[in-house]
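Listed below are the residues making up each chain.
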Amino acid sequence: MKISYNWLKEYVHFNYSPQELAEILTNTGLETEGIERFESIKGGLNGVVVGKVLTCKKHPNADKLSVTTVDVGEEEPLAIVCGAPNVDEGQKVLVAKVGTTLYPENDKPFPIKKAKIRGELSEGMICAEDELGLGTSHDGIMVLDNDKQVGKPASQYFEIEEDWTIDIDLTPNRADATSHIGVARDVVAFINRMNPEEIAELKYPDDHNFKVDHNNRMIPVEIQDESACPRYSALTIDGIQVKESPVWLQNKLKAAGLRPVNNIVDATNYVMLETGHPLHPFDADKIKGEKVIVKKMPEGTTFTTLDEQKRKLSKDDLMICHADGPMCIAGVFGGIDSGIKENSKTVFLESAYFTPTTIRKTSKRHQLKTDASFRYERGTDPNVTLLALKRAAMLIKEIAGGSIASKVIDENPGNIKPWNVVLNFDKLDRLAGLHIERPVIVKILQDLGMYIVKESADILIIEVPTCKVDVKREVDIIEEILRIYGYNYISVPDKVKISLSHTNKPDRDKLTNLASDFLTANSFVEVMNNSLTAYHYHKYSKEINENQLVNVVNPLSRELNVLRQDLLFGGLENIQYNINRQVYDMMFFETGKVYKVNSELDKNEDVKKRYQEKNRLAIFLTGKRFKENWKKEDESVDFYHIKHWVLLLLKRMGINPDKLKQDKTTRDYFAEGLLLSKGKKEIAQLGKVNKMMLKAFDFEQDIYYADLAWDAIIDMTIDHQITFGPLPKFPEVRRDLAMILDKNVAFDSINQIAFDKERKILKAVRLFDVYEGQNVPEGKKSYAISFILQDKQKTLTDKQIDKTMKKLQQAFEEKLNAEIRG
C-alpha cells in the first residue's frame, strides 16, 4: 500500500524527513518496503531550458527534417536537427540539452546525446509536450509565448509538484491503516509518546458543509442479504459533468500509486485513500426500475465486468442489482454497463459495509484483486460509511458540478457498535517484561482512537472503535500499546532463562538436516516448493489418484488448487524455470510433505484417519555430469548417477543398501527405474522420467528423479548404531570373475547370492564391465565382477581364496545358470 508524504501531513503536523518517517512507521508496526521520490512531471524537467530558434533550414539529406540553430543562453547557439513540421525561425521553444534524460508519456526514458543525423550535427532536442511528460500530443513541438526568457530552466514555468511515495507492507491485522488517516493516527500516537511537549493531534476531515440540495432523484435501496451487507449508505448527484480531474487531485492519486480515470472515479478513490473506505459510483440513469437491491444471484448467472470478461457467478457472490439484474460484484468489481461514462449526468453514489469473509471468497473465486477488495477483505469501518459518502459527494460537487439530488439513504440493519475489552495491568507488565507508567498507557490508547470506559488500580475497561476490526482480545490491546511504546525500549534481561527439552529418538529434524548437509556438500541445491499444485497434473500419471486429491475450497489460482501427492511436478516446474533461463545442468533436492484423502471414509470421520500426510525426499538430476571443461569430455547424467547418490545418501543415514531388495519400479512416470524396499516397506523409487512426461513440460533433455520415503528411512535409523574399530592389519585380496548370464539377471541378484554364500571374508562385490555383442549368445550378457576378500585375524592363503571363489562360482552356476569364463 502506498502513502503520500505530503498528503499525510494534511492530517498530522510533523517535521520528520521521508526517511525518518519510514523508520517510524516500521517501528510502529507498519513495515516500510521502500520510499520513492515523486514528481508530477517525471524528471522535473531537469536539463530542459527555454530556447529561441535563430535559423531554420531544410535538411540537405532528408525531406522531413530541419536543421536549426537555437539560442539557449550560452556563448554559442546549438545546432539541432528537428523533425517537427511546425518548427520555424523566431519561435520560443523548450530544448533538452545533451546529457538530459527525458521521460515521455507512456514510453521508456531516453538520454539526449550529441549525434549526427543524416550527416548533420545535432546538439540537443526541441521537444513536444508528450516527450516532456507534459501531455499526450505529438503533433509538433511546444511553442511558448515570446515573453519567456531564453536560457531559463523550464521547471520555473511549469508547476512541478514534488512528493515522496512511502510503500507499506500492510499485514492483514492492520485494516485500520489502509488509509492516510489510519497511518496519521499512528504517527500522532508516536509523536505524543516520544515528544509529549509537542501534543500532536489528528486533523479529521470535516463534513459539516454537506447539505442536500433537493430530493428529486431518490433511489431506494433494499438489502436482501443482511448478513453479507450489514450497512448500505447512498445518495444521488445530478447535473454532473464527467471530465479530467484537476491537476492537484491527479497528483495526489499518482503519488499514492493510483492512475487518474475521470473526476467522478477519482473523487471516490481520493476518499478511499483518505478514509480507507471504498465507494462505488453508478450511472443512475442505468439503474432500471429506479431501485437498488443487494442480494445474491442464482448459481451460474452470467455477468460481464468492467474488464469485458464474462464471469459465471456463484450463489455465494453478493451483487448490487437493479430490477432486471446485477450491476456490480459487491466490494470487488463493477459491471461494464452501469459504470460512469463521459456522457453520464447523474451519479448514484454507494458507500457500503460488506463482511470481510464474503468479499474475500468472491475475490479469490474470480481471481479479482482490486483496491476495494483489498480493504473489504481486511475489514472496513462500518461506522465511517456516512462520512466517506458526504466527503465524496462534496468533492464531486466541487470538481464536477451538479447538485445533491436525494437525501442520504442509510440502511443499517446490522447496527455494528464498538466493543469493550478489559486490560489487566499485571498481564501487560508480565508480557512486556517491564513496568509501563499507567498515564502513558492511557495516552497511547486515547491517541489510537480508543475510549477509556473505566480505570482502576488493576484494570482498564477500553471501548475499541469499529475501525480496529482485529483488536478483540486483551493481547491485541497489549500489542497496540507496545508497538507505540516502542519495542526498542524494552530492555533485554541480563539473565537468559531456558528449559531443558527432551527429543524423542530418532530426531527427525536432525536427520533431515544431516541429509540436507550431505547433499549440499556434494553440489546439490535445495529447492522449496509450494505444497499446493495444479489439479490437472493427475492426468499425467496413474500414481496421482484423482479420488485421493485434497482439494482447496477457495484456491488462489487454478495452478494452486490441490495439495500435492508427489514431489515430482514441483521439481519439473523448477527445471522448466531454469531451462527457460538457459540453465541446463541441474542437481537439486527437496524435502517436503505429500497429502492424500481417503474418499471412502465419511467426512465426519476423524481427520487423522481420513487424511494422510507423509514426508518425502526428492532428488533430481539433468544435463551434463560435469561443468564444461577442456580436460573432460561431455558426459550426460544417467540412471547410474542418480542410483549412486541415492545409495550414498542411504549409507550416510546408516542404512546398508546391500540389505535392501531391488526390483523394477512400479511408477508409470518412469521409462526405466528401480524400487528399493525392506520387507514390505518401500524405501525409494528412482529412474528416468518417461517421454510423455517430458513432452508435457516441453523438455528435450533426459531427467532423472528419485522419490525417497523419508518417514520409512528415519524409522530404519532407530536400529542404526555407530561402532568404532581398529584399522585392519591384514591386506585385502581382489579376484575377478567373468560370466555369461541371462539378460534379465540383475547385479543385485549376484550381490545377494555372493553374500549369502560367504559372509566372513567377503567384503565387497563390484561390477566393472558389462558386454553384449559379438561372441556373446543372443539374450545373454557378459558381466566382469571383482570380489574383495579380507580376514581381520590373518593373512589369507591361496587355498582359502580359491576355496571361496569356487564356492561362489558353484552358487552362480546353480542359481543363475551362469557360464563361468574365468
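Parameters at a glance
- Residues numbered from 1 in each chain as written.
- Predicted model: local features only at pLDDT ≥ 70, side-chain atom pairs only at ≥ 80, totals over all residues.
- Heavy atoms only, no water.
- Helix = DSSP H or I, 4+ residues; strand = E, 2+ residues; numbered from the N terminus.
- Buried < 20%, exposed > 50% of the residue type's maximum accessible area, 1.4 Å probe, protein only.
- Contact = heavy atoms within 4.5 Å.
- Areas by Shrake-Rupley, 256 points an atom, 1.4 Å probe, with all protein chains shown as cover.
- Lys, Arg positive; Asp, Glu negative; His and termini not counted.
- Charge placed at Lys NZ, Arg CZ, Asp CG, Glu CD.
- Pairing = 2+ DSSP bridges.
- Axes fitted to C-alpha atoms, helices over the stretch in contact; angles between N-to-C directions.
- Polar contact = N/O pair within 3.5 Å; in protein donor to acceptor, adjacent residues only side chain to side chain.
- Phe/Tyr/Trp six-rings, centres within 6.5 Å; stacked < 30°, edge-to-face > 60°.
- Lys NZ or Arg CZ within 6 Å of the ring centre and 35° of its normal.
- Salt bridge = Lys/Arg side-chain N within 4 Å of Asp/Glu carboxyl O.
- Parallel < 35°, antiparallel > 145°, perpendicular 65-115°, else oblique.
- Nonpolar A, V, L, I, M, F, W, Y, C, P; charged D, E, K, R; others polar.
- Arc of directions from axis to C-beta.
- Core = buried A, V, L, I, M, F, W, Y, C linked by side-chain atoms within 4.5 Å.

Student: Before we go on, may I ask you to explain the overall build of the protein chain in this structure?
Tutor: Helix and strand counts for the protein chain stand at 20 helices and 42 strands. With respect to the principal axes defined by its C-alpha atoms, the protein chain has extents near 115 × 90 × 65 Å. Here the protein chain, with 822 residues, has 49% of them falling under the buried criterion. Residue pairs in contact within the protein chain that sit at least 24 positions apart in sequence constitute 70% of those at least 6 positions apart. When the accessible surface of the protein chain is summed, it comes to about 43700 Å², and 47% of that surface belongs to carbon and sulfur atoms. In the protein chain, 115 side chains carry a positive charge and 124 a negative one; their mean positions are 7 Å apart.

Student: Hey, could you run me through the sheet that holds strand β31 (residues 550-551) in this one?
Tutor: Across the sheet, 3 strands lie side by side as β30-β32-β31; this open sheet has antiparallel pairing. Two strands lie at the open edges of the sheet, namely β30 (532-533) and β31, each paired on one side alone. In this sheet, strand β32 (residues 562-563) lies alongside β31 in antiparallel orientation, the contact comprising 2 bridges. Residue V550 lies in a different strand from β32, and its bridge partner there is L563.

Student: How do you make sense of the sheet that holds strand β27 (residues 451-455) when you look at a structure like this?
Tutor: In spatial order, the strands read β26-β28-β27; together these 3 strands make up an open sheet with antiparallel pairing. The open sheet has two free edges, formed respectively by β26 (419-424) and β27, since each of these has just one partner strand. Averaged over neighbouring strand pairs, the angle between their axes works out to 25 degrees when direction is ignored. Direction of pairing for β27 relative to strand β28 (residues 459-464): antiparallel, over a ladder of 4 bridges.

Student: Just to check I follow, could you spell out the side chain of S245 for this structure?
Tutor: In this structure, S245 sits in the loop between β15 (231-238) and α5 (247-255). Here the side chain of S245 touches N262 through a polar contact of 3.5 Å, landing on its backbone oxygen. When residues no more than four places from it in sequence are discounted, the contact partners of S245 are Q250, N262, N263 and D266.

Student: In this structure, what is going on with the packing of aromatic side chains? I would like to understand it.
Tutor: For any pair of aromatic rings, geometry is given as the distance between the ring centres together with the angle between the planes. The full count for this structure, using the stated rule, is 19 aromatic pairs. Their ring planes at 70 degrees and their centres at 5.8 Å tell us that Y5 and F14 sit as a pair that is edge-to-face. The same class applies to Y5 and to F14, which are both buried. Measuring from centroid to centroid gives 5.5 Å for F524 and W645, while their planes differ by 85 degrees, and the two rings are edge-to-face. Of this pair, F524 sits in the loop between α13 (508-521) and β29 (525-526) while W645 sits in helix α16 (residues 639-652); the two residues are 121 residues apart in sequence, bridging distant segments of the chain. The pair F524 / W645 is uniform in exposure class, with both members buried. Grouped by ring-pair contacts, the aromatic residues Y537, Y540, F569, F697 and F699 constitute a single cluster. For R193, the ring lying beneath its charged end belongs to Y485, and the centroid distance is 4.1 Å. Sitting above the plane of the Y577 ring, R581 keeps its charged end 3.6 Å from the centroid.

Student: Got a minute to help me understand the pattern of salt bridges in this structure?
Tutor: One side chain can pair with another of opposite charge once the charged atoms of both are near each other. All told, the structure shown has 46 salt bridges when counted by the stated rule. Salt-bridge contacts for R174 lead to D186; the nearest nitrogen and oxygen are separated by 2.9 Å. Residue R174 is found in the loop between β13 (162-168) and α4 (180-194), and its partner D186 is found in helix α4; the two are separated by 12 residues along the sequence. Of the residues examined, R174 reaches a relative accessible area of 3% and is grouped as buried. We classify D186 as buried; its relative accessible area is 1%. A single salt-bridge network, built from bridges that share partners, covers R174, D176, D186, K468, E480 and R483.

Student: Looking at this structure, I do not really get the packing of helix α11 (residues 438-447) against helix α12 (residues 474-485). What am I missing?
Tutor: The description of two packed helices rests on the angle between their axes and on the distance between the axes. Relative orientation of the contacting elements α11 and α12 amounts to 100 degrees, with a least axis distance of 10 Å. Between α11 and α12, the crossing angle belongs to the class labelled roughly perpendicular. Residue-level inspection shows V440, I441, I444 and L445 of α11 in contact with α12, the latter providing I477, E480, I481, I484 and Y485. Taken together, the residues of the contact of α11 with α12 break down into 8 nonpolar, no polar and 1 charged.

Student: Can you help me understand the pairing of strand β6 (residues 92-97) in this one?
Tutor: Along a regular strand, successive side chains alternate from one face of the sheet to the other. Counting buried residues along β6, 5 of its 6 residues qualify, which places the element largely inside the surrounding structure. Taken together, the 5 bridges between strand β3 (residues 48-58) and β6 define a ladder with antiparallel strand orientation. Paired with V48 across the strands is A96, a residue of β6. Looking at chain direction, β6 and strand β12 (residues 143-144) are connected through 2 bridges and run antiparallel.

Student: Sorry if this is basic, but what is going on with helix α7 (residues 356-365) here?
Tutor: Residues spaced three or four apart along an α-helix face the same direction, because each turn holds 3.6 residues. For α7, every residue scored as buried is listed here: P356, T358, I359, T362 and S363. The buried residues of α7 occupy an angular sector of 160 degrees when the element is viewed end-on, so they sit on one face. For α7, the secondary structure elements touched by its buried residues are β20 (318-322), β21 (325-329), β23 (346-353) and α8 (371-378). Q367, located one to two residues past α7, shows a positive phi value of around 55 degrees.

Student: What exactly am I supposed to notice about unusual backbone geometry here?
Tutor: Backbone geometry follows two general trends: most residues other than glycine have a negative phi, and most peptide bonds adopt the trans configuration. Even without a glycine there, the phi angle at L45 is positive, about 60 degrees. Position of L45 relative to the elements: it lies in the loop between β2 (32-39) and β3. Residue L45 is classed as buried on the basis of its relative accessible area of 6%. Despite not being glycine, N775 has its phi angle at roughly 70 degrees, a positive value. Looking at the element boundaries, N775 is found in the loop between β40 (762-771) and β41 (780-789).

Student: What is the right way to read helix α19 (residues 747-757) from this model?
Tutor: Among all positions in α19, only D748, I750, N751, I753, A754 and F755 are buried. Elements in contact with the buried residues of α19: β35 (661-664), β39 (733-742), β40, β41 and α20 (798-816).

Student: So what exactly am I meant to see when it comes to the nonpolar core here?
Tutor: Looking at soluble globular proteins, one finds that nonpolar side chains tend to be buried together. The biggest cluster of nonpolar side chains holds 54 residues, and the ones touching the most others in it are F14, I168, V183, V187 and L349. Setting aside its immediate chain neighbours within four residues, L349 contacts S233, A234, L235, T268, L279, H280, P281, L389, A392, A393 and I396.

Student: Could you clarify how one ought to interpret the side chain of R193 in this entry?
Tutor: Mapping R193 onto the fold places it in helix α4. Buried and unpaired, R193 has D447 as its nearest opposite-charge partner, separated by 9.7 Å. Among all residues touching R193, those that are not within four sequence positions of it are V440, I444, I484, Y485 and Y489.

Student: Looking at this structure, how should I read the environment of R508?
Tutor: Position of R508 among the secondary structure elements: in helix α13. With relative accessibility at 36%, the residue R508 sits in the partly exposed group. Between the C-alpha atom of R508 and that of I444, which follows or precedes it by 64 residues, the distance is 46 Å. Non-local contacts of R508, meaning those with residues more than four positions away in its chain, are made with D711, I714 and D715.

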